[in-house]
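Single-letter residue listing:
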Amino acid sequence: MAKYNHKSIEKKWRKYWDKEKIYQTKEDKSKPKYYVLDMFPYPSGAGLHVGHPKGYIATDAIARMKMMQGYNVLHPMGWDAFGLPAENYAIANKMHPAEATKNNIKTFKKQLELLGFTYDWYREVNTTDPKYYKWTQWAFLQMFKRGLAYESYEPINWCPKCQTGLANEDLEDGKCERCGSEIERKPMRQWVLKITDYADRLLNDLDKLDKWPAPIKEMQRNWIGRSEGALIRFPVIARSEATKQSYGNEDIASSSPTARSRNDNLEVFTTRPDTLFGATYMVIAPENSLIENCKLEIENLEEVNEYVERSKKKSDLERTDLAKEKTGVELKGVKVVNPANGEELPIFVADYVLTGYGTGAIMAVPAHDERDFEFSKKYGIPIREVVAPLIVNEKGEDAFKKDAPIIERDAVVCVVKHWSEDKYLGIRWLKNDWQGFVIGGIEAGEDTSVAGIREITEETGYKNVEYIKPLGSIVHSKFFQALKKQNRFAHFVPLLFKLKDGEMDNIAEEEKNLHEVMWLSPEEVGKFANREDMRIIWKRVFENECYAENGVSINSDFLNELSTVEAKEKMIQWLEEKKIGQRKVQYKLRDWVFSRQRYWGEPIPLVHCEKCGVVPVPEKDLPLELPKVKHYEPTGTGESSLANIEKWVNTKCPVCGGPAKRETNTMPQWAGSCWYYLRYIDPNNDKALVDKEREKYWSPVDFYVGGAEHATRHLIYARFWHKFLFDIGAVNYDEPFTRLQNVGLILAEDGRKMSKRWGNVINPDAVVEDFGADAMRVYEVFMGPFDQPCAWSTQGLVGAKRFLEKVWALKEKALQNAILTPTQSGERSPRAQILGDSSITPQNDNEKITTLLHQTIKKVTDDIENMRFNTAISQLMILVNEMTKEDQLLLTPYSLLLKLLSPFAPHIAEEIWAELGNKESIFLSDWPAYDAELAKDAEIILAVQVNGKLRDILTVSADISEEEAKQTALASEKIQKWLEGNQPKKIIYVKGKLISIVV
RNA sequence: GGUCCAGUGGUGGAACUGGUAUACACAAGAGACUUAAAAUCUCUCGCCGCAAGGCAUGUGGGUUCGACUCCCGCCUGGACCACCA
């Protein structure tokens, strides 16, 4: 028998498939469609490494199975070729980006072709092809016409090395995602897409995407970052030089004659309008215009300006470094009035407030916000509690029980300090589960400190107790009291005490036995008093934590006693009534900075006319082609190199015909990938982005496979564009991708990422050469769960190759056992006949193989559908091992095995299939269906447990009844031994699995 | 710091809805074939124990006849977000 020669086989079938065009997708609307899509690659100069094709192998397997299942399959491929890396690569290699891109695509395509994918290359798209980007420009113009693209002069992220502005999404830890340079904030003119108009829909429609991985949806939710709250306007007042005062000086009322009211309001966004009464100062970002507006009134303007300058010089990285201490400067001479209570509040400028979010200013409530708390402690600003904690124990033994009654209690919680050591009193009640501080009920009319002293003495015997101070507000707590089987709604009054000495009264014997008293170091207390309510009280002893959760309003006038949710609502209504604020939904998502100051991108099709302003290039003139130039290096001035090409820049205004200049910014790399999946449907249409009828048939994408790194960029941008195209009637559905699957990274053998830098890159070409495309494909999906990262192992690859060799070796066995025709004894009959002819009854039908085969059909089909390729391959290995062990093998089961293997190892499957006498490609044959009856085992194995431990294993007929099974189990010698003559209390029978005997 | 995910042999990993833990593969060891090597084939392979049996899914508890799986706490690792008011 000829040896398995992957090289010749793979070459032969690639050629055949190409010639026969078996993967060319036809517009056959009688068949159900299946659109399976890969995230198209960025053709870099480095070529592919073995990690890149992993996703493509998966979609290819799915595409092949779906084809065989009778679907009309669309499985296209293309190139995302515009953008910075291509340009940088071209500069480094002294080439034109167009040329470099062309070469890179050629390399990529060649590499991909070696792996035998089902791509329909007649539908190849390339984002840098003018015929393609004509429609990218067209879509941009539609946005422009509808006001979704606008010019902005806000400072943006500028990468000094790449010499271009970047979107927020393009940053990693405040650094340029591409080159790692620290980003500067630079004000410059740019085009921005109003993605925030779609924020709500992008967020809400995530709920419809039930076949997307939950973590990706979560990341998008997080990125969009919706929060509900209120805008509140604080009137700004300024004082004359003579009355310069700082905050907290009570004798200056807002009615003071020296106070000059200004027309300014300081507007802030807050998610906690319920804490307005707790605001003790305001903070503005260094970029806030209030400083400019009030420069005459600010008495320490020099100091303020200095601070602002210092902040501007800081990189984003420094500014957002959480480890650093917060800094700020008070704006002396200017204050705001709290509209809720008329109090005057100082204003600080501090760079812990960000400029692009909300209004770039906040009301600071130190008692209930970590950052404000930290800042106010540093600058000695008063802290006012306006929310009493409400702890609802939801987990574990303390959680409220549904059926128990709710009992309310007022109680004191006494934190008691030792008279000489740094220790605190802990108490453990022996009868119930309580451990913590001394706690006791407050009697009617009793002063809380008196109640505390009484309880301490009663429970511990210590006589000389000194009351120090209250520990903040009441702490409400809902928990389950296990001993009394009650739900408790407790209102704890936390108090701090100190013992003067260790003198004790004798306490009743009875009381002594109830609890244990111990002295604990501060570290020990933290662990000892571990319930959330006690933890909060304990932290207050050191005043180093604030309460930022929901609770009950206090010290807040008309909000008092309302829950946080109710208080927020009431405050918003009040603000709206008084016209000093309103309800507001705020997003973290910012509008998409859509221009880049580089050459290699789609030109933005706009013209600047002195008379007419910004005018769109007429649609009939699209595409607006990128001029072919020799020099395209960035200018570094914030203009793209296009600005230097006078011939191109100077044009006529399409409206008035007068002189005009073209927009010289180009689109970002992400533009082309926003809609490429639509173009595959109709790649050559020059009348529309996509034909709507065709789109109706093929859309949405049924299965989209790609890396998780695109969660917050490509996948948000594409959804945004798609929704926009839906809104203007260009497409039929409002979400582009029905099902999404992430590919786990393939790491190098050393466990690191594959990278030129580490010299650990494995080239697929070499793998294909040495082991074959089929072995590589099988190995890559067998490595482990598809979405998990996994290190490459050449040894593992060897295993995959061995498996294919085993399949190959079975061919001879199957052919030997082919039924011989009577007339040509000793010769094989025409094999095609054998396969198709059901009248020939197998002479040695092997029940074991048949059962296993049908189980395998089921498992492989399900596993491919659910992306569990590793277990599909494992099941095929089991089948092949079994077939190898048997003396005889019929053609039919072998043919079915080949079909099951073909999505993973198409070349070898096709080769053997042909050798068996089939005239047509295996991929034009039907996918096997399994027979549930045949997949059933004749005999099953029952596990028998005694008291939960496995004691015997029985092999019984599959149709055994429960009674029979129990009798057989009890009759077993081993079981009898373990029963030791005892009568079983209970026998549990799980059909087809086990019998559990309880003695 | 927050959120989410994960932790199973020497290694990658399997285990359906709570029901025989370690499938499949790699590595390792022994043997066969060979003048020899490679390749191939056969066997062994979680730990302790001669065995009976006991112990093992990061760790400590809990629920259950029964837990890798469910619940609570802790430890470790990863991903994402990160001063978003």
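I will try to describe carefully the structure that is included in this document. (Residues numbered from 1 in each chain as written. Chains lettered and ligands numbered in written order. Predicted model: local features only at pLDDT ≥ 70, side-chain atom pairs only at ≥ 80, totals over all residues. Heavy atoms only, no water.)

Considering the nonpolar core
Working step 1: Of all hydrophobic cores here, the largest spans 183 residues; its most connected members are Trp-592, Tyr-676, Trp-721, Trp-792, Phe-869, Tyr-894 and Phe-904.
Working step 2: By size, the runner-up hydrophobic cluster in this structure holds 73 residues, among which are Phe-375, Phe-528, Met-534 and Ile-572. (Core = buried A, V, L, I, M, F, W, Y, C linked by side-chain atoms within 4.5 Å. Buried < 20%, exposed > 50% of the residue type's maximum accessible area, 1.4 Å probe, protein only.)

Notes on the pattern of salt bridges
Working step 1: Applying the stated criterion across every chain, the model contains 60 salt bridges.
Working step 2: Where Glu-569 meets Arg-583, a salt bridge forms, and the shortest distance between an N and an O atom there is 2.8 Å. Of this pair, Glu-569 sits in helix 16 (residues 564-577) while Arg-583 sits in strand 28 (residues 581-587), and the two are 14 residues apart along the sequence.
Working step 3: With a closest N to O distance of 2.8 Å, Glu-735 and Arg-719 form a salt bridge. Linking Glu-735 in the loop between helix 20 (714-727) and strand 35 (740-742) with Arg-719 in helix 20, this pair joins segments that are 16 residues apart in sequence. Neither Glu-735 nor Arg-719 differs from the other in exposure class; each is buried.
Working step 4: One network of salt bridges, with partners in common, ties together Asp-205, Lys-208, Arg-719, Lys-723, Asp-734 and Glu-735. (Salt bridge = Lys/Arg side-chain N within 4 Å of Asp/Glu carboxyl O. Helix = DSSP H or I, 4+ residues; strand = E, 2+ residues; numbered from the N terminus.)

Digging into the sheet that holds strand 38 (residues 939-946)
Working step 1: Spatial strand order, 39-38-41-40: four strands in an open sheet with mixed pairing. One side of each edge strand has no neighbouring strand; the edge strands of this open sheet are strand 39 (949-957) and strand 40 (986-990). Put simply, the sheet's adjacent strands are angled 20 degrees from each other on average, direction ignored.
Working step 2: Bridge analysis of strand 40 against strand 41 (residues 994-998) gives five bridges, and the strand direction is antiparallel. When the bridges of strand 41 are listed, Ile-987 appears paired with Ile-997.
Working step 3: Across the sheet, helix 29 (residues 962-971) lies against strand 38, strand 39, strand 40 and strand 41, angled at about 120 degrees from strand 40, the strand it touches most. (Pairing = 2+ DSSP bridges. Axes fitted to C-alpha atoms, helices over the stretch in contact; angles between N-to-C directions. Contact = heavy atoms within 4.5 Å.)

Description of the protein's contact with RNA strand B
Working step 1: In the region of RNA strand B, 51 residues are neighbours, and Thr-271, Lys-326, Arg-371, Gln-795 and Lys-993 sit closest.
Working step 2: At 2.6 Å, a side-chain N or O of Lys-326 approaches a base oxygen of RNA strand B.
Working step 3: With respect to RNA strand B, the side chain of Asn-881 contributes an N or O atom lying 3.0 Å from a phosphate oxygen.
Working step 4: The element that contributes the greatest number of residues to the surface near RNA strand B is helix 26 (residues 869-885), accounting for six residues.
Working step 5: Residues of the surface near RNA strand B, tallied by class, amount to 23 nonpolar, 15 polar and 13 charged. (Near = heavy atom within 4 Å. Polar contact = N/O pair within 3.5 Å; in protein donor to acceptor, adjacent residues only side chain to side chain. Nonpolar A, V, L, I, M, F, W, Y, C, P; charged D, E, K, R; others polar.)

Section: helix 12 (residues 448-460)
Working step 1: When the terminal C-alpha atoms of helix 12 are compared, their 18 Å separation across 13 residues agrees well with the 18 Å that a helix rising 1.5 Å per residue should span.
Working step 2: When helix 12 is considered as a whole, its buried residues turn out to be Ser-449, Ala-451, Gly-452, Glu-455, Ile-456, Glu-459 and Thr-460. Projected down its long axis, helix 12 carries its buried residues within an arc of 155 degrees, all on one side.
Working step 3: Taken from the residues just after helix 12, Gly-461 is the one with a positive phi, measuring 90 degrees. (Expected span 1.5 Å × (residues − 1). Arc of directions from axis to C-beta.)

Let's talk about the side chain of Lys-134
Working step 1: Counting through the fold element by element, Lys-134 comes out in helix 5 (residues 130-145).
Working step 2: An unpaired buried charge is present at Lys-134: no salt bridge exists, and Asp-686, the closest side chain of opposite charge, is 6.2 Å distant.
Working step 3: Within the local environment of Lys-134, its side chain forms a polar contact with the backbone oxygen of Asp-686, the two atoms lying 3.4 Å apart.
Working step 4: Contacts of Lys-134, omitting those with residues within four sequence positions, involve Leu-622, Pro-623 and Asp-686. (Lys, Arg positive; Asp, Glu negative; His and termini not counted.)

Focus on empty space enclosed by the protein
Working step 1: The full count for this structure, using the stated rule, is one cavity of 30 Å³ or more.
Working step 2: Considered as a void within the structure, the largest cavity measures approximately 170 Å³ in volume.
Working step 3: In terms of lining residues, the largest cavity is bounded by 17 residues, among which Leu-84, Leu-166, Arg-596, Pro-668 and Gln-669 are the most central.
Working step 4: Class assignment of the residues belonging to the lining of the largest cavity gives a composition of seven nonpolar, four polar and six charged. (1 Å grid on protein atoms, 1.4 Å probe; cavity = no way out; pocket = protein on both sides within 12 Å on 5 of 7 lines; lining within 4 Å. Points joined across faces, edges and corners; volume = space filled by probe spheres on them.)

Side note on the environment of Thr-164
Working step 1: If you trace the backbone, Thr-164 turns up in strand 7 (residues 164-166).
Working step 2: Between the C-alpha atom of Thr-164 and that of Ala-482, which follows or precedes it by 318 residues, the distance is 64 Å.
Working step 3: Not counting chain neighbours up to four residues away, the residues in contact with Thr-164 comprise Leu-84, Asn-157, Trp-158, Cys-159, Arg-596, Gln-597 and Arg-598.
Working step 4: Engagement of the side chain of Thr-164 in a polar contact is seen with the backbone nitrogen of Gln-597, the distance being 3.0 Å.

Remarks on unusual backbone geometry
Working step 1: Following Leu-622, the chain continues to Pro-623 via a peptide bond in cis, the omega torsion being 0 degrees.
Working step 2: Relative to the elements of secondary structure, Pro-623 occurs in the loop between strand 31 (613-616) and helix 17 (646-649).
Working step 3: Cis geometry is found at the peptide bond from Ser-699 to Pro-700, where omega equals -15 degrees.
Working step 4: Turning to its location among the elements, Pro-700 is positioned in the loop between helix 19 (692-698) and strand 34 (703-706).
Working step 5: At Gln-163, a position not held by glycine, the phi torsion is positive, near 55 degrees.
Working step 6: Along the polypeptide, Gln-163 turns up in the loop between strand 6 (155-159) and strand 7.
Working step 7: Owing to a relative accessible area of 24%, Gln-163 belongs among the partly exposed residues under this scheme.
Working step 8: Backbone geometry at Asn-555 places phi at a positive 50 degrees, although glycine is not the residue there.
Working step 9: In this structure, Asn-555 sits in the loop between strand 27 (551-553) and helix 16.

Some details on the side chain of Lys-813
Working step 1: Within the secondary structure layout, Lys-813 lies in helix 23 (residues 794-816).
Working step 2: For the buried residue Lys-813, which engages in no salt bridge, the nearest side chain bearing the opposite charge is Asp-887, 6.2 Å off.
Working step 3: Polar contacts involving the side chain of Lys-813 include one to the main-chain carbonyl oxygen of Thr-884, which spans 2.8 Å.
Working step 4: When neighbours within four sequence positions are excluded, Lys-813 is seen to be in contact with Met-883, Thr-884, Lys-885, Glu-886, Asp-887, Gln-888 and Leu-889.

Some remarks on the packing of helix 23 against helix 28 (residues 906-915)
Working step 1: At a minimum axis distance of 11 Å, the contact between helix 23 and helix 28 shows a crossing angle of 5 degrees. By the angle class used here, helix 23 and helix 28 are roughly parallel. In this structure, helix 23 contributes Leu-804, Val-807, Trp-808 and Lys-811 to the contact, and helix 28 contributes Ile-908, Glu-911, Ile-912 and Glu-915.
Working step 2: A per-class count over the contact of helix 23 with helix 28 returns five nonpolar, no polar and three charged. (Parallel < 35°, antiparallel > 145°, perpendicular 65-115°, else oblique.)

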